[in-house]
Structure formats: C-alpha cells, structure tokens
Amino acid sequence: MSRMIVPHTTSARTVRKAVVPAAGLGTRFLPATKATPKEMLPVVDKPAIQYVVEEAAAAGLDDVLMVTGRHKRAIEDHFDNAFELEQALAAKGDAVRLDAVRDPARLASIHHIRQGEPLGLGHAVLCARRHVGDQPFAVLLGDDLIDPRETLLSRMLDVRDQYAGSVIALMEVPPEQIHLYGCAAVEATGEDDVVRVTGLVEKPSHEDAPSSYAVIGRYILDPAVFDTLERTPPGRGGEIQLTDALQELATGGTVHGVVFDGLRYDTGDKADYLRTVVRLACDRDDLGPEFTAWLKEFVAGLDTGTSSERRRLAA
Ligand code: UTP
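Asks: Give a detailed account of the overall build of the chain, specifying residues and quantitative values.
Replies: Helices and strands together make up the secondary structure of the chain, namely 12 helices and 13 strands. Relative to the globule expectation of 20 Å for 315 residues, the C-alpha radius of gyration of the chain, 21 Å, shows essentially globular dimensions. By principal-axis analysis of the C-alpha atoms, the chain measures approximately 65 × 50 × 40 Å. Here the chain holds 315 residues, and 47% of them are scored as buried. Pairs at least 24 apart in sequence give 77% of the contacts found in the chain among residues at least 6 apart. When the accessible surface of the chain is summed, it comes to about 15,800 Å², and 53% of that surface belongs to carbon and sulfur atoms. For the chain, the separation between the mean place of its 35 positive charges and that of its 48 negative charges on side chains is 5 Å.

Here's what the structure looks like:
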C-alpha cells in the first residue's frame, strides 16, 4: 500500500507553492557529490530531497519547484515515472516496491528550473520568481531535514497568516556553532515560539553574533523578497545571500521567526548525515528492531573493544 501523505491542516492556505533549492555544489560531501547531488544521497532508502517534498505535501503545499544545477537529471528522474521499472515490478506482482517507485511523482505537482551557475541561495530563490508569481511561497532547503513527526512548516504557515510578511525558522545553537549559520537579532512578540526579527547576519563569528538563534532551512517568503533579491549584491563568499535580502526586509519590520526546538538534520554535513541515517533507521518499523539490536551490541563493543567484528578483523 502506498503511504498517503495526509496534510496537517485542511483549512485553505494562502501559500500553495514550495521552492526547493538544490543547485549547490555540495563541497562538504565530496567526493560523493562529484556526480550526484547531495540532495539525492539516500537516508535509509529514500533520497534526502524526498523527505523534504513529503514535508511540503504534508503541510498542504501541492506545487513544488525544484531549483537544480548541473546534476538536474537525477532529481528530475526521481520525481518522474519510471516506466520500465514500473512494468518490471508490476509483472512480478511486487506491489510494495511499485508503490515506493511511484510515490515521489504523486506527492505534488513537481516542476524544475535550472540555476545556470551556483551564485548563491538568494540567486536560486530568484530563479523561482516567474513560477511563483505574486504570492507568498515556502522555501525548503533540499538537504535540510525536519523530522517527519514535526509540524514546523504548518506552524510557520499559521504565523504567516497571522503576521503577514515573511517567516523564517530559527533554532538555538551553541555559541561555537553560530558561525555555520545565518543568525537573527530578535525581539519577543508575547508568543513563546514566535519572535520579531530585527536583523540578520550571515555566518557571524561568535563575538559578532547578535543572538544564538540560527536560521535553518525553512522559510515562508513574501513575494517582496524578489525585488529585494534583484538588488542584493554578492555578499559573503561572493554569493547572493538570501540572508542579506531578508536583512533588508527585517529592517522594515516584516520578518518573524518561529523558534523550533525539535529534530532537524543537516544531511549536507557528513557527521549529521550519519546521525540522520542511524536515527531514522532506528525509528523504522521494518528495520528498527533488528538494526537497533545490532547497534546496541556495536556500541557496547566500541566501549570495551570486544565487538565481534573487531575480534574478527584483528584475527
Ligand atoms: P549550502 O550552504 O549547503 O551550500 O546551500 P552548498 O554549495 O550546497 O554545499 P557545500 O556547503 O558546498 O557543501 C544551502 C542550500 O542552498 C542550495 C543548496 O543546494 C542547498 O540546498 N543552493 C546553494 C543553491 O540551490 N544554489 C546555490 O547557488 C547555493
């Protein structure tokens, strides 16, 4: 049976479209990302980007635009029909795998656009302008996974409906990690999980960071962001930074942040990728019990140096 994605809400939303930037070079994950986009790296048995599209669909976003780069083909093929494969599985009567193969193309109306050169996340978002038009839209980074049990995106859509403007997702990180993220200066709103964003800075040093709130890869953007991006010059790393455009919008008082304290995984980072695979594998009904039993034995063996694998390799 196909696993249906059930939207978290049935109320009519003003936001219907999601943009998934997936055109970055993925240098942190080389050489795996030499010929494969990092968004296509498998997390257990699905590419990372499929979880992201499932999250969009679960929040009721039924139109997804992928912004792809030189590895366009693998992403496009994954969200398309695979006629020969489907025929072979149908002939074998393998309904479970047939559904798994068909699922990605059924999640939403999926579109693709190419970012000719990886000029930065801000530029990738600007590539979506014509498709998005004059409506607010969501941006979900294709390598940034929010645990499927979380409802962050739905909450952000509610906050957009309440406050208008743009909404970003924020997570508190230890001071020594803030230089890896965009960082937000914030003011309280009276709601525990919502802040007003008064400023943004891309990858600040610990000393220059205005707070410990890191921007993570979920955004609900007002279409005003496009005009701002058009005039945003290359910033940090010579890239057109979404953070710089949001900084301009924030000074106009139109950006809010939803503070998220749930499970989030950066699959573009090797160590976090490994944690993601282990964690999601442990949670799976089909794999979890056996894998968890093995993992416990493996970890106990690491502590004592007596795992069966080690004994065998040492022999
Ligand atoms: P990252 O900051 O992770 O950069 O991009 P990157 O180049 O992809 O990866 P590393 O740091 O070299 O390993 C954040 C998101 O923005 C997209 C990426 O695909 C990722 O989803 N992106 C980045 C673009 O679509 N285009 C760009 O020009 C840059």
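Asks: Mind laying out the site of the ligand, listing which residues take part and the relevant values?
Replies: Taken together, 19 residues sit near the ligand, with Thr27, Arg28, Lys38, Gln115 and Gly120 positioned nearest. Gly26 places a main-chain nitrogen or oxygen 3.4 Å from an oxygen atom of the ligand. Here Thr27 contributes a side-chain N or O atom positioned 2.5 Å from an oxygen atom of the ligand. Notes on the ligand: free accessible area 570 Å², of which the protein chains cover 85%. Elements with a contribution of two residues or more to the shell around the ligand: strand 1 (17–22) and helix 5 (121–126). Considering only residue class, the shell around the ligand consists of 9 nonpolar, 6 polar and 4 charged.

Asks: Describe the pairing of strand 10 (residues 194–202), naming the residues involved and giving the relevant values.
Replies: For strand 9 (residues 182–188) and strand 10, the ladder comprises 7 bridges, and the chain directions are antiparallel. Residue Ala188 lies in a different strand from strand 10, and its bridge partner there is Val195. Hairpin connection between strand 9 and strand 10: a loop of 5 residues separates the two successive antiparallel strands, and Gly190 in this loop has a positive phi of roughly 100°. Relative to strand 12 (residues 255–259), strand 10 runs antiparallel, the two sharing 3 bridges. Bridging across to strand 12, Arg196 finds its partner in His256.

Asks: Account for the pattern of salt bridges, naming residues and giving values.
Replies: Considering all chains together, one arrives at 25 salt bridges under this definition. A salt bridge links Asp143 to Lys38; the nearest nitrogen and oxygen atoms lie 2.8 Å apart. A residue pair is termed long-range when its members are at least 10 positions apart, and Asp143 in the loop between strand 6 (137–140) and strand 7 (144–146) and Lys38 in the loop between strand 1 and strand 2 (42–43) qualify at 105 residues. The pair formed by Asp143 and Lys38 is uniform in burial state, with each residue classed as buried. For Arg284, the salt bridge is made with Asp286, and the minimal N-O distance between the two is 2.9 Å. With a relative accessible area of 21%, Arg284 lands in the partly exposed category. Connected via shared salt-bridge partners are Asp45, Arg284 and Asp286.

Asks: How would you explain helix 11 (residues 288–304) if you had to name every residue and give the values?
Replies: Its 17 residues place the ends of helix 11 24 Å apart at the C-alpha level, agreeing with the 24 Å of an ideal helix rising 1.5 Å per residue. Within helix 11 the residues assigned to the buried category are Gly288, Leu295 and Gly301. End-on view of helix 11: buried residues confined to an arc of 155°, all on one side of the axis. Those residues of helix 11 that are exposed and angled more than 90 degrees off the buried face are Pro289, Glu290, Lys296 and Thr304. In this structure, the buried residues of helix 11 make contact with helix 10 (270–283).

Rules of the game
- Residues numbered from 1 in each chain as written.
- Predicted model: local features only at pLDDT ≥ 70, side-chain atom pairs only at ≥ 80, totals over all residues.
- Heavy atoms only, no water.
- Helix = DSSP H or I, 4+ residues; strand = E, 2+ residues; numbered from the N terminus.
- Rg over C-alpha atoms; globule rule 2.2 N^0.38 Å.
- Buried < 20%, exposed > 50% of the residue type's maximum accessible area, 1.4 Å probe, protein only.
- Contact = heavy atoms within 4.5 Å.
- Areas by Shrake-Rupley, 256 points an atom, 1.4 Å probe, with all protein chains shown as cover.
- Lys, Arg positive; Asp, Glu negative; His and termini not counted.
- Charge placed at Lys NZ, Arg CZ, Asp CG, Glu CD.
- Near = heavy atom within 4 Å.
- Polar contact = N/O pair within 3.5 Å; in protein donor to acceptor, adjacent residues only side chain to side chain.
- Nonpolar A, V, L, I, M, F, W, Y, C, P; charged D, E, K, R; others polar.
- Pairing = 2+ DSSP bridges.
- Salt bridge = Lys/Arg side-chain N within 4 Å of Asp/Glu carboxyl O.
- Expected span 1.5 Å × (residues − 1).
- Arc of directions from axis to C-beta.

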